[in-house]
Amino acid sequence: MRKRKKPIKFLLLSILSFLALIYIIFFIPPSYHIQIFSLQLPIVSLFLLSLFLFCFSLPTYLFKNRADGLLISIFAVSIFVFRLTNLTHPFFFILLVSLFLTLELLFTYKK
């Protein structure tokens, strides 16, 4: 049986997105807005995008499975979105965990 090589592009993407996360956390204030043409985007959206990329690429590199990386990244971003909208009750966390465990079982059962 042949071993599958781990794609190095996911490791590089995870390192770059981790560095972007560290830069955003330490050097950019939360109220900062990015101006793209006439559109102003809050820095929180860039933070969530880099968090998604980091949480997608690292598990994809480690587990060699994109579905697991996608589920982990959506779970992490949804927790942060819930925290930003002040949905901090433990019931929401339990609902998220049960939803993503069900999705993981669904994906592993189909294989």
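Anything mentioned here points back to the structure above.
Residues numbered from 1 in each chain as written. Predicted model: local features only at pLDDT ≥ 70, side-chain atom pairs only at ≥ 80, totals over all residues. Heavy atoms only, no water.

So, the layout of surface pockets
Left-over empty space is what a probe sized like a water molecule reveals as it rolls over the atoms. In this structure, the largest pocket occupies an estimated 200 Å³ of space. Every residue along the wall of the largest pocket is listed here: Ile 24, Ile 25, Ile 28, Pro 30, Ile 43, Val 44, Phe 47, Leu 48, Phe 80 and Leu 84. Only helix H1 (8-27), helix H2 (43-63) and helix H3 (66-84) provide two or more residues apiece to the lining of the largest pocket. Examining the composition of the lining of the largest pocket, we find that four residues originate from one element, H2, more than from any other. (1 Å grid on protein atoms, 1.4 Å probe; cavity = no way out; pocket = protein on both sides within 12 Å on 5 of 7 lines; lining within 4 Å. Points joined across faces, edges and corners; volume = space filled by probe spheres on them. Helix = DSSP H or I, 4+ residues; strand = E, 2+ residues; numbered from the N terminus.)

Description of the packing of H1 against H2
Where H1 contacts H2, the two axes come as close as 8 Å, and the packing angle between them is 150 degrees. With respect to each other, H1 and H2 are oriented roughly antiparallel. As for how H1 packs across H2, the hand of that crossing is left-handed. Contacts between H1 and H2 involve Phe 10, Leu 11, Leu 13, Ser 14, Ser 17, Phe 18, Ala 20, Leu 21, Ile 24 and Ile 25 from the former and Ile 43, Leu 46, Phe 47, Ser 50, Leu 51, Leu 53, Phe 54, Phe 56, Ser 57, Leu 58, Thr 60 and Tyr 61 from the latter. Looking at the contact of H1 with H2 residue by residue, the classes come out as 17 nonpolar, five polar and no charged. (Axes fitted to C-alpha atoms, helices over the stretch in contact; angles between N-to-C directions. Parallel < 35°, antiparallel > 145°, perpendicular 65-115°, else oblique. Left-handed = near helix turned anticlockwise from the far one by under 90°. Contact = heavy atoms within 4.5 Å. Nonpolar A, V, L, I, M, F, W, Y, C, P; charged D, E, K, R; others polar.)

Quick notes on the nonpolar core
Core analysis: the biggest nonpolar cluster contains 10 residues, these being Leu 21, Ile 24, Ile 28, Ile 43, Phe 47, Leu 48, Leu 51, Cys 55, Ala 76 and Val 77. Secondary-structure elements contributing two or more residues to this core are H1, H2 and H3. Beyond its immediate chain neighbours, meaning those up to four positions away, Phe 47 contacts Leu 21, Ile 24, Ile 25 and Phe 80. (Core = buried A, V, L, I, M, F, W, Y, C linked by side-chain atoms within 4.5 Å. Buried < 20%, exposed > 50% of the residue type's maximum accessible area, 1.4 Å probe, protein only.)

Quick notes on the packing of aromatic side chains
A complete count under the given rule lists nine aromatic pairs for this structure. Residues Phe 52 and Phe 56 carry aromatic rings whose centres are separated by 6.3 Å and whose planes lie at 5 degrees to one another, so their mutual orientation is stacked. Of this pair, Phe 52 and Phe 56 both sit in helix H2, four residues apart, roughly one helical turn. The buried category is assigned to Phe 56, whose relative accessible area is 16%. For the ring pair Phe 75 and Phe 93, a centre distance of 6.3 Å and an interplane angle of 50 degrees mean the geometry is tilted. With Phe 75 in helix H3 and Phe 93 in helix H4 (residues 90-110), the pair connects residues that are 18 residues apart, well separated along the chain. Judged by relative accessible area, Phe 93 falls into the partly exposed class, the value being 45%. Site record: aromatic cluster; members linked through ring pairs are Phe 10, Phe 52 and Phe 56. (Phe/Tyr/Trp six-rings, centres within 6.5 Å; stacked < 30°, edge-to-face > 60°.)

Everything listed is a geometric property; what it means functionally is a separate question.
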